[in-house]
Amino acid sequence: MQIGFAMLCAGSVRAKNTMNIMLTNVLDAAAGGLSYYLFGFAFAFGGPSNGFIGKHFFALKSFPNPSFDFSFYLFQWSFAIAAAGITSGSIAERTQFVAYLIYSSFLTGFVYPVASHWIWSADGWASATRTSGPLLFGSGVIDFAGSGVVHMVGGLAGLWAALIEGPRIGRFDRAGRSVALRGHSASLVVLGSFLLWFGWYGFNPGSFLTISQTYATRGAYYGQWSAVGRTAVTTTLAGSTAALTTLFGKRLLVGHWNVIDVCNGLLGGFAAITSGCAVVEPWAAIICGFVSAWVLIGFNMLAEKLKYDDPLEAAQLHGGCGSWGVFFTGLFASKELVNEVYPGKPDRPYGLFMGGGGKLLAAQIIEILVMFGWVAATMIPLFFTLDKLNLLRISAEDELAGMDITRHGGLAYIYQDQEDENPPPQFKMKKIEPSNSALTEP
């Protein structure tokens, strides 16, 4: 997933900022690895604890144990750095390097882990697998692989950061009209999208954690391996439907076929289905993907109208489509599948449109509201403080020249952006001819 984010980000920015955005993706993984090891995993899964935050396993103390092994830490770390990588896309091309280090460590070490504790820990107040108290609305929140926990947290953090930081220079002209600052490589965007597509099969089906478990519902041929396969199918269908809907929707709106839009639509469908991928039927995943495409298109139109600048559409894609995915689960979660994935409570509520009443939907709406509030309460003060200390945005001179040349010691490659008014230094290769003496030597 991380290399997919890196390629997607690199292709979506101008060439003069390629080194910068690639380095931030490496840092998300590296800084996130340490912060999640020291604090994050303990805050997320350090039970027994309270419903708000974990309190054991700091620096993986007492590992392994009957509940967790080291592999579980690594799996959860990959989710944490995904949230940080989403945020980096929103503030690309104009953010100081130190700000990336600070927010990435804070997000992966505290903000994301607390949110994941609420939804995924056995002690979490909103968890569908809670064992230490009553379930929220008798159901708990079903956010199987993180439309809310990962995508909303990362996307909303990026939203607040980009709002505080402001748009890139030249993104809107003096009359307030939108000016496209196109990324330099559609090839990298497509490559990153395919890598993320592949990685999503690790996130969504992989969130079952085990595969060789039988279900006593249909026969020996049916078990958790079937649920894992079905989850991969729902993931595929949602993303594919969203990609095609975006393709034709944007063709109708703007008059051309755009591969960048299609890739973003694809990822929006994946972000949306991530919540309910294990508890909805394949046909419902198609509905999820179709609506998510229009959610993304609508939020992008709103962002342009409000003069909001997000180079990767990360807040619209992950925050907007992630919110829709959480809501969608409350509508279409199947009774049979909910009881298979979350056993032990036969009267557990399920999707409203599937005849399960509104309790699950109410729990899903609570998650959406709480994620908005939690991210705002933690990330706004952080980015506001960084801004006041002049640690958030780079200077106008550095932004115009590009951070590769001003902050990172050189360009990723010799390339000039089409609309760049400050082209990089040009280098001319000179042919070296052999000397006469070299020609006459035996």
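Reading the values: the criteria
- Residues numbered from 1 in each chain as written.
- Predicted model: local features only at pLDDT ≥ 70, side-chain atom pairs only at ≥ 80, totals over all residues.
- Heavy atoms only, no water.
- Helix = DSSP H or I, 4+ residues; strand = E, 2+ residues; numbered from the N terminus.
- Rg over C-alpha atoms; globule rule 2.2 N^0.38 Å.
- Buried < 20%, exposed > 50% of the residue type's maximum accessible area, 1.4 Å probe, protein only.
- Areas by Shrake-Rupley, 256 points an atom, 1.4 Å probe, with all protein chains shown as cover.
- Polar contact = N/O pair within 3.5 Å; in protein donor to acceptor, adjacent residues only side chain to side chain.
- Contact = heavy atoms within 4.5 Å.
- Patch = residues over 30% accessible without salt bridge, like charges linked within 9 Å, V, L, I, M, F, W, Y side chains within 5 Å.
- Salt bridge = Lys/Arg side-chain N within 4 Å of Asp/Glu carboxyl O.
- Expected span 1.5 Å × (residues − 1).
- Axes fitted to C-alpha atoms, helices over the stretch in contact; angles between N-to-C directions.
- Parallel < 35°, antiparallel > 145°, perpendicular 65-115°, else oblique.
- Left-handed = near helix turned anticlockwise from the far one by under 90°.
- Nonpolar A, V, L, I, M, F, W, Y, C, P; charged D, E, K, R; others polar.
- Disulfide = S-S within 2.5 Å.
- Phe/Tyr/Trp six-rings, centres within 6.5 Å; stacked < 30°, edge-to-face > 60°.
- Core = buried A, V, L, I, M, F, W, Y, C linked by side-chain atoms within 4.5 Å.

## Remarks on the overall build of the chain
Across its full length, the chain carries 15 helices and zero strands. In terms of overall size, the chain behaves like a compact globule, its C-alpha atoms giving a radius of gyration of 23 Å where 442 residues would be expected to give roughly 22 Å. In terms of overall dimensions, the chain has a C-alpha envelope of 90 × 60 × 55 Å along the principal axes. Looking at the 442 residues of the chain, the share that counts as buried comes to 57%. As displayed, the chain offers around 18,800 Å² of accessible surface, 66% of which is attributable to carbon and sulfur atoms.

## Thoughts on the side chain of Thr245
Turning to its location among the elements, Thr245 is positioned in helix H7 (residues 224-254). Engagement of the side chain of Thr245 in a polar contact is seen with the backbone oxygen of Thr241, the distance being 2.7 Å. What Thr245 contacts, discounting residues up to four positions off in sequence, is Phe290, Ala293 and Trp294.

## A short note on a nonpolar patch on the surface
There is a patch of nonpolar side chains on the surface, built from Leu34, Tyr37, Leu38, Phe39 and Phe58 and spanning about 460 Å² of accessible area. Along the chain, the position of Phe58 falls in the loop between helix H2 (18-45) and helix H3 (70-90). Phe58 gets classed as partly exposed once you look at its relative accessible area, which sits at 35%.

## Thoughts on helix H8 (residues 259-273)
Each α-helix turn comprises 3.6 residues. Residues three or four places apart therefore point the same way. Over its 15 residues, H8 runs 21 Å from end to end, which matches the ideal 21 Å to within 8%, given 1.5 Å per residue. Of all 15 residues in H8, 13 are buried; the element is thus mostly enclosed. At the N-terminal end of H8, a side-chain oxygen is found 2.8 Å from the backbone nitrogen of Ile260, two or three residues along, and the residue is Asn258.

## Overview of the packing of helix H1 (residues 2-12) against H2
Interaxial distance between H1 and H2 falls to 9 Å at its minimum, and their mutual angle equals 160 degrees. Accordingly, the angle class assigned to the pair H1 and H2 is roughly antiparallel. Relative to H2, the crossing made by H1 is right-handed. Contact residues: H1 offers Gln2, Phe5, Ala6, Met7, Cys9 and Ala10, while H2 offers Thr18, Ile21, Met22, Asn25, Asp28 and Ala29. When its residues are assigned to classes, the contact of H1 with H2 shows eight nonpolar, three polar and one charged.

## Regarding the state of the cysteines
Going through the model one piece at a time under the given rule, you end up with zero disulfides. Cys277 carries a free sulfur, and the closest cysteine sulfur to it, the one in Cys288, is 9.7 Å from it. Among the cysteines around Cys321, which has no disulfide bond, Cys288 carries the closest sulfur, lying 8.7 Å off. Judged by relative accessible area, which is 0%, Cys321 ranks as buried.

## Re the packing of aromatic side chains
Under the criterion given, the structure shown has 40 aromatic pairs. Each ring, one from Phe43 and one from Phe110, has its centre 5.9 Å from the other, and the planes form 85 degrees; the classification is edge-to-face. Taken as a pair, Phe43 in helix H2 and Phe110 in helix H4 (residues 97-120) lie far apart in primary sequence, 67 residues in all. Taking the relative accessible area as the measure of exposure, Phe43 reaches 15% and is therefore buried. Geometrically, the ring pair formed by Phe45 and Phe68 is edge-to-face, given 6.0 Å between the ring centres and 65 degrees between the ring planes. Of this pair, Phe45 sits in helix H2 while Phe68 is found in the loop between H2 and H3, placing the two residues 23 residues apart along the sequence. According to the relative accessible area criterion, Phe45 is buried, its value standing at 6%. Each residue in the set Tyr36, Phe41, Phe45, Phe57, Phe63, Phe68, Phe70, Phe72 and Tyr73 is aromatic and connected to the rest through ring pairs, giving one cluster.

## Digging into the nonpolar core
Formed by 116 residues in total, the largest nonpolar core has its most connected members in Phe41, Leu107, Tyr112, Val150, Val279 and Met379. Among residues more than four places away in sequence, those in contact with Val150 are Phe79, Ala82, Ala83, Ile86, Tyr112, Trp120 and Ala145.

## Description of the environment of Thr231
Within the fold, Thr231 resides in helix H7. Look at Thr231 and you get buried, because its relative accessible area is 0%. Taking the C-alpha atoms as reference points, Thr231 and Pro205, separated by 26 residues in sequence, lie 5.5 Å from one another. Ignoring anything within four residues of it in the chain, the contact list for Thr231 reads Asn204, Pro205, Phe208, Cys277 and Ala278.

## Regarding the pattern of salt bridges
Between side chains of opposite charge, a pair can form as their charged atoms come close. Counted by the stated rule, this structure contains 10 salt bridges. The partner of Asp173 in a salt bridge is Arg177, with the nearest N and O atoms 2.9 Å apart. The class for Asp173 is partly exposed, based on a relative accessible area of 28%.

## Considering H1
Burial analysis of H1 places 10 of its 11 residues in the buried class, which makes it a mostly covered element. For H1, every residue scored as buried is listed here: Gln2, Gly4, Phe5, Ala6, Met7, Leu8, Cys9, Ala10, Gly11 and Ser12. Buried residues along H1 sit against H2, H3, helix H6 (186-203), H8 and helix H10 (314-332).

## A closer look at unusual backbone geometry
A cis amide bond, omega 0 degrees, links Gly47 with the succeeding residue Pro48. For Pro48, the location among the structural elements is in the loop between H2 and H3. At the junction of Phe63 and Pro64, the peptide bond is cis and its omega measures out at -15 degrees in the coordinates. One non-glycine residue with positive phi stands out, namely Lys307, at about 60 degrees. Residue placement: Lys307 occurs in the loop between helix H9 (282-305) and H10. Of note in this structure, Asn390 is not a glycine but carries a positive phi near 60 degrees.

Purely geometric stuff here, so don't read any function into it on its own.
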